[in-house]
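# Overview (structure and organization)
Next come the chains, spelled out residue by residue.
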Amino acid sequence: MTSMQISTTANANPVDDSRLTEILANPGFGIHFTDHMFLVEWTPDAGWHDARIQPYGPLAMDPATAVLHYAQETFEGMKAYRHDDGSVWTFRPEENAARMVRSSRRLAFPELPVEDFVQAVDALVEVDQRWVPDPSGEKSLYLRPFMFASEVFLGVRPAQHVTFMVIASPAGAYFKGGVKPVTLWLTEDYTRAGRGGMGAAKTGGNYASSLVAQQEATAHGCDQVVFLDAQEGKYVEELGGMNLYFVHDDGRIVTPETGTILEGITRASIIELAGKLGHQVEERRFSIDEWRDGVASGRITEVFACGTAAVVTPVGSLKWDGGEVPAPASTDLTMRVRQALVDVQYGRAEDAFGWMHRIV
Ligand SMILES: *Cc1c(COP(=O)(O)O)cnc(C)c1O
């Protein structure tokens, strides 16, 4: 296995130290970007080629670039964490790389090898390591690898010119002023994924289709939208960008099975972690009636959602047109699972599963 040759052009005008200090003190989310970006391109003849790190900046794009018309695109979301000793780490990056390979197959893209993906992310984080915030308040450097159809062509077929990039953006705590339960809106008008569709792929199209449902949720005073299965309109799938868990009074935890949902890396990690904490985890179909009746009877004691951005968040009440399920009684296990995961990510607990990957 040979590693990618990456050429680097340093940014001649990097953000100065005092401005950087200002940004890192209050980074927000997805607003500020680091001094550099990673790119590599693919064509059928040359394969992946011309891997490079260059100053961050706009891409010149022909208006006929295929992604702008047919949405052939996949992306990933991950974070780099600074530990108290100054070192910088990512969490299970090979899982993000493997998921991008699966998304790529669904979107008819060439596959970027797992080791090249990890090398690209490592290289960018190393070059822009001063942008990784201190760990206070769960700050991190959010990493956005993505692949898109960069061929200039309006015919409908898989692109013959593909670009993979990584950009990075410092991120503040997802919850300002402490973790608080999210309220959910159950949409009966929209679904996010059908059998044979692309629900399991991390692609912009799924987000485009979720926006109007999210608008509906906001209009009803809820934080996030929850989607049901497209076929029967009965089984809980997930939120727009987070997976769901249902904690029972006997310690069992149920999470919707894979298939049409996005296979979250946080979701998979929690399955392992909960097992270690002595909980039995069931991956199966879970109906909206089971949710309603379980909370009503007290058999469901907690509901939580998970994803890279928020890590783990308690779920409060669930509303739909003409009905409501109140918030479950507790958030104890939710907060314990959250803490356990965050402690591993920030190097404050033993990494028993070997999840952390050191970059700096
Ligand atoms: C990214 C994403 C998640 C969460 O996945 P993580 O790997 O845990 O960040 C869940 N649902 C959807 C639709 C997503 O796009």
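Bear in mind the structure is a predicted one, so any value in this text is a computation, not a measurement.

## Remarks on the packing of aromatic side chains
- Counted under the stated rule, the structure contains 12 aromatic pairs.
- Seen in terms of ring centroids, Tyr81 and Tyr346 are 5.1 Å apart; in terms of plane orientation they differ by 80°. Their pairing is edge-to-face. Here Tyr346 lies in the loop between α8 (332-345) and β18 (356-358) and Tyr81 lies in strand β5 (residues 78-82), a separation of 265 residues in the sequence. Across the pair, exposure class does not vary: Tyr81 and Tyr346 are buried alike.
- With a centroid separation of 4.5 Å and an interplanar angle of 15°, the aromatic rings of Phe353 and Trp355 are classed as stacked.

## Some words on the site of the ligand
- Taken together, 15 residues are adjacent to the ligand, and Lys202, Tyr207, Glu238, Thr266 and Thr308 come closest.
- Contacts to the ligand include Lys202, whose side-chain N or O atom sits 2.7 Å from an oxygen atom.
- At 2.6 Å from an oxygen atom of the ligand is found a side-chain nitrogen or oxygen belonging to Thr266.

## Examining the domain arrangement of the chain
- We note that the domain assignment places domain 1 (7-171) and domain 2 (182-345) within the chain.
- Between the C-alpha centres of domain 1 and domain 2 there is a distance of 28 Å.
- The contact between domain 1 and domain 2 buries some 1800 Å² in all, and 54% of this surface belongs to carbon and sulfur atoms.
- Contact with domain 2 buries surface across domain 1, with Phe75, Phe91 and Arg99 losing the most and accounting together for 31% of the total.
- Here domain 1 and domain 2 share three salt bridges between them.
- For Glu272, the salt bridge goes to Arg92, with nearest N and O atoms at 3.4 Å.
- For the side of domain 1 that touches domain 2, the elements supplying multiple residues, two or more each, are β4 (73-75), β5 and α3 (93-106).

## Re the pairing of strand β16 (residues 311-320)
- A large share of β16 lies buried, amounting to nine of its 10 residues.
- Two strands pair when backbone bridges link them, and strand β9 (residues 182-186) and β16 are joined in this way by three bridges, in the parallel orientation. Paired with Trp185 across the two strands is Lys319, which belongs to β16.
- Direction of pairing for β16 relative to strand β17 (residues 323-325): antiparallel, over a ladder of three bridges. Across the sheet, Leu318 pairs through a bridge with Val325, a residue of β17.
- The hairpin formed by β16 and β17 contains two residues between the paired strands, and Gly322 there has a positive phi angle of roughly 95°.

## Quick look at the packing of α3 against helix α4 (residues 114-127)
- Viewed as axis vectors pointing N to C, α3 and α4 meet at an angle of 125°, and their least axial separation amounts to 9 Å. Classified by the interaxial angle, the pair formed by α3 and α4 is oblique. Considering only the axes of α3 and α4, their crossing is right-handed. Contact with α3, carried on its side by Pro93, Glu94, Asn96, Ala97, Ala98, Met100 and Val101, involves Val114, Phe117 and Val118 of α4 and no other residues of that element.
- Broken down by class, the residue content of the contact of α3 with α4 amounts to eight nonpolar, one polar and one charged.

About the criteria used
Residues numbered from 1 in each chain as written. Predicted model: local features only at pLDDT ≥ 70, side-chain atom pairs only at ≥ 80, totals over all residues. Heavy atoms only, no water. Phe/Tyr/Trp six-rings, centres within 6.5 Å; stacked < 30°, edge-to-face > 60°. Helix = DSSP H or I, 4+ residues; strand = E, 2+ residues; numbered from the N terminus. Buried < 20%, exposed > 50% of the residue type's maximum accessible area, 1.4 Å probe, protein only. Near = heavy atom within 4 Å. Polar contact = N/O pair within 3.5 Å; in protein donor to acceptor, adjacent residues only side chain to side chain. Domains from an automatic or database assignment. Buried area = accessible area lost by both parts, 1.4 Å probe. Salt bridge = Lys/Arg side-chain N within 4 Å of Asp/Glu carboxyl O. Pairing = 2+ DSSP bridges. Axes fitted to C-alpha atoms, helices over the stretch in contact; angles between N-to-C directions. Parallel < 35°, antiparallel > 145°, perpendicular 65-115°, else oblique. Left-handed = near helix turned anticlockwise from the far one by under 90°. Contact = heavy atoms within 4.5 Å. Nonpolar A, V, L, I, M, F, W, Y, C, P; charged D, E, K, R; others polar.

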